[in-house]
Amino acid sequence: QVQLVESGGGLVQAGGSLRLSCAASGRTFSNYAMGWFRQAPGKEREFVAAISKSGGNTDYADSVKGRFTISRDNAKNTVALQMNSLKPEDSAAYYCAARIRVTAYSGRYYVKEYDYDSWGQGTQVTVSS
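Residues numbered from 1 in each chain as written. Predicted model: local features only at pLDDT ≥ 70, side-chain atom pairs only at ≥ 80, totals over all residues. Heavy atoms only, no water.

Just to check I follow, could you spell out the side chain of Asp90 for this structure?
Structurally, Asp90 is set in the loop between β8 (78-83) and β9 (92-99). The buried category is assigned to Asp90, whose relative accessible area is 1%. Here Arg38 takes part through its side chain, which lies 3.0 Å from a polar atom of the side chain of Asp90. Side-chain polar atoms of Asp90 contact the backbone nitrogen of Lys87, separated by 2.8 Å. Sequence-distant contacts of Asp90, that is, excluding residues within four places in its chain, are made with Arg38, Arg67, Phe68, Ser85, Val125 and Val127. (Helix = DSSP H or I, 4+ residues; strand = E, 2+ residues; numbered from the N terminus. Buried < 20%, exposed > 50% of the residue type's maximum accessible area, 1.4 Å probe, protein only. Polar contact = N/O pair within 3.5 Å; in protein donor to acceptor, adjacent residues only side chain to side chain. Contact = heavy atoms within 4.5 Å.)

Would you mind showing me how to read the pattern of salt bridges here?
Where charged atoms of side chains with opposite charge meet at close range, the side chains can pair. Summed over the entire model, instances satisfying the criterion amount to 7 salt bridges. The shortest N-O distance in the salt bridge between Asp90 and Arg67 comes to 2.7 Å. Here Asp90, found in the loop between β8 and β9, pairs with Arg67, found in the loop between β6 (58-60) and β7 (68-73); they are 23 residues apart in sequence, far enough to count as distant. Among the salt bridges present, the one from Asp115 reaches Arg99, with a minimum N-O distance of 3.8 Å. Taken together, the positions of Asp115 in the loop between β9 and β10 (118-119) and Arg99 in strand β9 put the pair 16 residues apart, joining distant regions of the chain. Overall, the relative accessible area of 10% leaves Arg99 in the buried class. Each of Arg38, Glu46, Arg67 and Asp90 takes part in one network of salt bridges that share partners. (Salt bridge = Lys/Arg side-chain N within 4 Å of Asp/Glu carboxyl O.)

As structure tokens, then:
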């Protein structure tokens, strides 16, 4: 298993920006497809963004397209989520996830929770109106 540690959450006003970061342990980070999910109180965890292990392909939930950007730095074992134009409905705990299972195609990304094997503890994002 790989250990994932998220950071960068906090309180921000609507329209503001935050940048979440996820640091991964291990020396094979470049072999992992990565994703971000979020869970608001009383709601199920939902997909936010995903990136292939090569970093060349990404996908986003419709609710965040055009506002959020996922990126990765394989040299630093990190994946980031830049969040702009934040809305109160973006308030949630944000989780970083890694797919440890073999991914033959370096350009593939994953949007389902069951596609991921390791999860971070989460970082809270609160957007005030």
